[in-house]
Amino acid sequence: MALTREERETFLAEPHIAAIAVDAEAGRAPLTVPIWYGYEPGGDVWILTGLDSRKHQLIKAAGRFSLMVDRLEPTIRYVSVEGPVVEAVPATVERLREIAARYLPAEKVDGYVDFAWKNHGDQVVLRMRPEHWVSSDLGSL
């Protein structure tokens, strides 16, 4: 059964690990990798990635990407969202802290942020405006 707009936005706002997909170069399948993301109902989806990463270069070339999040319990549920990139800005330590706090236990955030800021190279925040949604709750099997 398809989710209502409120259900799918609420589900997407939960801290799931997403699979991001973006068109790749000719002769290659789309790049699909796991990623942390941020989202608030009614807003844009945002990700933080390496400025020089293959992922960023492909997104920049395509101008859009898809995210898919799912869960298996208490029911099998998923939301997939796709849309254009509407903003690309340099990452800040505050934005890195925000995404880390969404996924890590509080006592791990400072250590992760310190390590990532010093070792992951230049980062970029990409904001995607959801245009197309696919969602379902398949119930429990």
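I will try to describe carefully the structure that is included in this document.

About the criteria used
- Residues numbered from 1 in each chain as written.
- Predicted model: local features only at pLDDT ≥ 70, side-chain atom pairs only at ≥ 80, totals over all residues.
- Heavy atoms only, no water.
- Helix = DSSP H or I, 4+ residues; strand = E, 2+ residues; numbered from the N terminus.
- Buried < 20%, exposed > 50% of the residue type's maximum accessible area, 1.4 Å probe, protein only.
- Phe/Tyr/Trp six-rings, centres within 6.5 Å; stacked < 30°, edge-to-face > 60°.
- Lys NZ or Arg CZ within 6 Å of the ring centre and 35° of its normal.
- Arc of directions from axis to C-beta.
- Polar contact = N/O pair within 3.5 Å; in protein donor to acceptor, adjacent residues only side chain to side chain.
- Contact = heavy atoms within 4.5 Å.
- Pairing = 2+ DSSP bridges.

**Some remarks on the environment of valine 81**
Phase 1 of the analysis: For valine 81, the position within the fold is in strand β5 (residues 76-90).
Phase 2 of the analysis: Overall, the relative accessible area of 1% leaves valine 81 in the buried class.
Phase 3 of the analysis: Along the backbone, valine 81 and aspartate 137 are 56 residues apart, and their C-alpha atoms lie at a distance of 15 Å.

**Brief notes about the packing of aromatic side chains**
Phase 1 of the analysis: Within this structure, the stated rule accounts for 3 aromatic pairs.
Phase 2 of the analysis: Judged by centre distance (5.5 Å) and plane angle (50°), the rings of tryptophan 36 and tyrosine 112 are tilted. Of this pair, tryptophan 36 sits in the loop between β2 (31-35) and β3 (45-50) while tyrosine 112 sits in helix α4 (residues 106-119), and the two are 76 residues apart along the sequence.
Phase 3 of the analysis: Its relative accessible area of 23% is what places tryptophan 36 among the partly exposed residues.
Phase 4 of the analysis: Among the aromatic side chains, those forming a connected cluster through ring pairs are Trp36, Tyr103 and Tyr112.
Phase 5 of the analysis: The residue whose ring lies beneath arginine 95 is tryptophan 46, and the NZ or CZ to ring-centre distance is 4.2 Å.
Phase 6 of the analysis: Lying across the ring of tyrosine 37, arginine 102 places its NZ or CZ 4.8 Å from the centre.

**Things to note about helix α3 (residues 93-103)**
Phase 1 of the analysis: Three or more residues of α3 are buried, namely Leu96, Ile99, Ala100 and Tyr103. Here the buried residues of α3 occupy an arc of 100° about the axis, which is enough to place them on one side.

**Comments concerning the side chain of serine 135**
Phase 1 of the analysis: Tracing the chain through its elements places serine 135 in strand β7 (residues 132-139).
Phase 2 of the analysis: For serine 135, a relative accessible area of 11% puts it in the buried group.
Phase 3 of the analysis: Here the side chain of serine 135 touches leucine 3 through a polar contact of 3.4 Å, landing on its backbone nitrogen.
Phase 4 of the analysis: Those residues in contact with serine 135 that sit more than four places away from it in its chain are Met1, Ala2, Leu3, Arg8, Tyr78 and Val79.

**Looking at the side chain of aspartate 137**
Phase 1 of the analysis: Considering the arrangement of structural elements, one finds aspartate 137 in strand β7.
Phase 2 of the analysis: When its relative accessible area of 16% is taken as the criterion, aspartate 137 is described as buried.
Phase 3 of the analysis: Of the polar contacts made by the side chain of aspartate 137, one reaches the side chain of arginine 77; its length is 2.8 Å.
Phase 4 of the analysis: Aside from chain neighbours lying at most four places away, what touches aspartate 137 is Met1, Leu3, Arg71, Thr75, Ile76 and Arg77.

**With respect to the pairing of strand β1 (residues 18-22)**
Phase 1 of the analysis: Of the two faces of β1, the one holding Ala18, Ile20 and Val22 is buried and the one holding Ala19 and Ala21 is not buried anywhere.
Phase 2 of the analysis: Sheet topology note: the β1/strand β4 (residues 64-71) ladder contains 3 bridges and is antiparallel. Each bridged residue has a counterpart across the sheet, and for alanine 21 the counterpart in β4 is serine 66.

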